[in-house]
Amino acid sequence: MDWEWLSEEQVAILVASILGDGEITKCYAYDRRINNSYREHFSLGQLSYREWKQRKLPDLLYLRGNNLVSRSLPLMTRLFPFFYPNNKKHIPFELLKDIYHTACILTLYLDDGSLLLSKRFNHKKKEIQFTPHIAFYLQAFSKEQLEQLAEWMRDHYNINVRMSGTPSGTGYYLKTTKVTDTFDILNLLQPYQAELPDFMYKLSWENRLDAEVNHYKQTHPDYTIRVSIPARPYSHDEVTSLIEWKQQGVTDKEIAQRLNRTYWSVVYKWHDVKNREA
């Protein structure tokens, strides 16, 4: 593709947006336009995210009411057959093979993804077990294309998602099945948290977990909340050090470095420790 004037991040955002919430509008007979254009409709609750896209692609996209659009451009005309062979939206792996920028996964996720929290109640023990998953609801695409997309995610970003069934769309979507896979994606996207503060409920597990814990402390005040913990178990000495350092005001990032663990592992374990002490 001839888009050398776009940066790697801009290409990643544009391609993922077309696959997600956006579309390339086609020129029809008697249409005065020479070229196709881009259009993406959104609700007001998503405005800050579309403003972020516009800031990332200021020479290409602009806001018009509840739509993020482009002018009629030769680029959109060239892209149309890649994404719409036979006039049906298609994943153009010939374009994706050269895309490695994290912004592609970020945009796919914020357009069509969710941070899910499965909950298991043990009423006998009065416990609630939380387990996080990430879903990509790209239901416009066939099972075969989604399988290829999962392979592309693994090869380009070292993240793992699996096929899951759904009654809507073409019948399938992509989802993490292991806690470690979920955290691999959140760790990958963590650098964008500062740019997208309104979407911490998708990007920050700590933010999402706090909200859930506060909710169930109100609805089930006598229940203990437990969280599925990724990676290797913590030793007694590690837990003791974790408690001491938290009391001293040491940051989670510093504790992770001291324990040779991931940031999210420390966040996860600290919530578990607090719930056990509650």
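These lines cover the structure that appears in this document, whether it is placed above or below. In this numbering scheme, every chain counts its residues from 1 along its sequence in written order. The model is predicted, so local features are restricted to residues of pLDDT at least 70 and side-chain atom pairs to those at 80 or more, both for listing and for counting; the totals for chains, interfaces and linings are taken over all residues. Remark: hydrogens and water are excluded; side-chain values derive from all non-hydrogen atoms of the structure.

1. What to know about the layout of surface pockets
Using a 1 Å grid laid over the protein atoms alone, points where a 1.4 Å probe fits but cannot get out form a cavity; open sets with protein on both sides within 12 Å along at least 5 of 7 lines form a pocket; any residue with an atom within 4 Å of a point counts as lining. Grid points are joined across faces, edges and corners, and a volume is the space filled by probe spheres set on the points. Considering only enclosed or pocket space, the largest pocket measures out at about 220 Å³ in volume. Around the largest pocket, the lining comprises 13 residues; the ones closest to its centre are W3, V11, L95, D98 and I99. Side-chain classes follow a simple rule in which Ala, Val, Leu, Ile, Met, Phe, Trp, Tyr, Cys and Pro form the nonpolar group, Asp, Glu, Lys and Arg form the charged group, and the remainder, Gly included, forms the polar group. Here the residues of the lining of the largest pocket sort into 8 nonpolar, 2 polar and 3 charged.

2. Considerations on the pattern of salt bridges
Each reported salt bridge corresponds to a side-chain nitrogen of Lys or Arg within 4 Å of a carboxyl oxygen of Asp or Glu. Scanning the model with the defined rule gives 14 salt bridges in all. For the salt bridge of K246 with D252, the shortest nitrogen-to-oxygen distance reads 2.8 Å. Looking at D252, the relative accessible area reads 11%, which means it is buried. Measuring nitrogen to oxygen at the nearest pair gives 3.0 Å for the salt bridge that ties R258 to E254. The rule is simple: take the accessible area with a 1.4 Å probe, protein chains only, and divide by the maximum for that residue type; under 20% is buried, over 50% is exposed, in between is partly exposed.

3. Description of the nonpolar core
Considering soluble globular proteins, one finds that nonpolar side chains tend to be buried as a cluster. Throughout, nonpolar core names a set of buried Ala, Val, Leu, Ile, Met, Phe, Trp, Tyr and Cys residues whose side chains join them through atoms within 4.5 Å. Grouped together as the largest cluster of nonpolar side chains are 74 residues, with contacts concentrated most on L79, L96, F136, L149, W152, M153 and W205. Sort the elements by how many residues they give to this core and helix α1 (residues 8-19) lands first, with 8 residues. If you look at the next biggest cluster of nonpolar residues, it comprises 11 residues, including Y234, W245, L259 and V266. Strands are runs of DSSP state E lasting at least 2 residues, helices are runs of H or I lasting at least 4, and numbering of each runs from the N terminus.

4. Concerning the sheet that holds strand β2 (residues 37-41)
On the basis of which strands lie adjacent, the open sheet formed by 4 strands has the order β1-β2-β4-β3 and antiparallel pairing. For this open sheet the edge positions go to β1 (23-25) and β3 (62-64), each flanked by a neighbour on one side alone. Here the strands of the sheet are splayed against their neighbours by 35° on average, with no regard to which way each runs. By the bridge criterion, 3 bridges tie β2 to strand β4 (residues 67-69) in an arrangement that is antiparallel. Two strands pair under a simple rule: DSSP has to find at least two bridges between them. In this analysis an axis means a line fitted to C-alpha atoms, helices contributing only their contacting stretch, and an angle means the value between N-to-C directions, from 0 to 180 degrees.

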